[in-house]
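Understanding the architecture of this molecule
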Amino acid sequence: MPEIPKKLHHYTSVEALKSILTYQTIRFSPLSKVDDLQEEKARDAVALGKRVLVSSWCADEHESLPMWDRYAGLCTGVRISLPAKPFKKYHYTARDMEKYPYVVNISADFAWDTHIPIEDILAPNYVIAPYNWNSNILCSVIYTDDEEYLYPKLIARENGYTDVAFSKLGKYKHTRWQYQNEWRYILIVYPYSMREMQLNVNNTQQTWRMANIMLNGTDVPGFEYYDMAIDPTCFSKMEIALGAKMPAHEKQELIEFIKEKNPSAKITDSEFTYTLR
């Protein structure tokens, strides 16, 4: 993976900005909702796009006119900039795990840092997890024309076990999208609990049943969205560029709203202000 930029940038609407400021969260949406229809497709599975949740950002330091046009609007949108690792971190110990007795082999000095609240990792009927099961949820999008990556093979069966390689989804896009220079935060929603995973890890019949739940999209529906909390320090470092053609009265109203919700945010005009007819 390339070196992680210090800051990432998100082009969006004023309404979305107001929601981010009000709730201090960033919204993830399923691949089944993104603008590139190819992204949720695989060679050997259907209905998995709703299990992969993403939040899309741009690494380009300077503003992109195509990004403004497509995702924000020069009259009605904004560009938000945040540190590249903006999410709140939760710290859990062995005592926190006592309410989840089915999580076994927890030592007394157990410590766990995660960006996902434990109640969503250990929920009764689903698991939300980083795309590769470590603490990192950020990756750079790889642009390619190779259909092996654009339409990946996700399912592997060996010795009666079935594995679904979710980490192959959400990371590759066709080169036609290369102008986005995109980095993504990626989460996976598994439609069964951590308890089921642990109880059935050595049961090949149940493992296959659980894989079928994912592959067929049955049982627990996919999430329409998922909101992750922003770390307060990162929230205070937010930078907001206002659309180049935003009407003066709307701009002033928005500035007042931003100052109320995030007094330390840096507010600027777009780089394209006074440069476009």
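Just above, that's the structure.
Residues numbered from 1 in each chain as written. Predicted model: local features only at pLDDT ≥ 70, side-chain atom pairs only at ≥ 80, totals over all residues. Heavy atoms only, no water.

1. Considering the nonpolar core
Core analysis: the largest hydrophobic core is formed by 67 residues, its most contacted members being F28, V78, L187, Y226 and M238. Counting nine residues, the second largest nonpolar core, distinct from the first, contains A72, L74, A241 and F272. (Core = buried A, V, L, I, M, F, W, Y, C linked by side-chain atoms within 4.5 Å. Buried < 20%, exposed > 50% of the residue type's maximum accessible area, 1.4 Å probe, protein only.)

2. Regarding the packing of helix α1 (residues 14-23) against helix α8 (residues 248-261)
It is at 9 Å that the axes of α1 and α8 come closest, and there the two elements cross at 20 degrees. In this view, α1 runs roughly parallel relative to α8, as classed from their interaxial angle. Between α1 and α8 the crossing geometry is left-handed. Residues V14, L17, K18, L21 and T22 of α1 form the contact with α8, whose own contacting residues are L254, F257, I258 and K261. (Axes fitted to C-alpha atoms, helices over the stretch in contact; angles between N-to-C directions. Helix = DSSP H or I, 4+ residues; strand = E, 2+ residues; numbered from the N terminus. Parallel < 35°, antiparallel > 145°, perpendicular 65-115°, else oblique. Left-handed = near helix turned anticlockwise from the far one by under 90°. Contact = heavy atoms within 4.5 Å.)

3. Looking at unusual backbone geometry
Both trends apply: most residues other than glycine have a negative phi, and most peptide bonds are in trans. Despite not being glycine, N181 has its phi angle at roughly 45 degrees, a positive value. With respect to the element layout, N181 can be found in the loop between β12 (172-174) and β13 (182-190). Residue Y274 is not a glycine yet carries a positive backbone phi of 70 degrees. Within the secondary structure, Y274 is located in the segment after β16 (266-269). Looking at Y274, the relative accessible area reads 79%, which means it is exposed.

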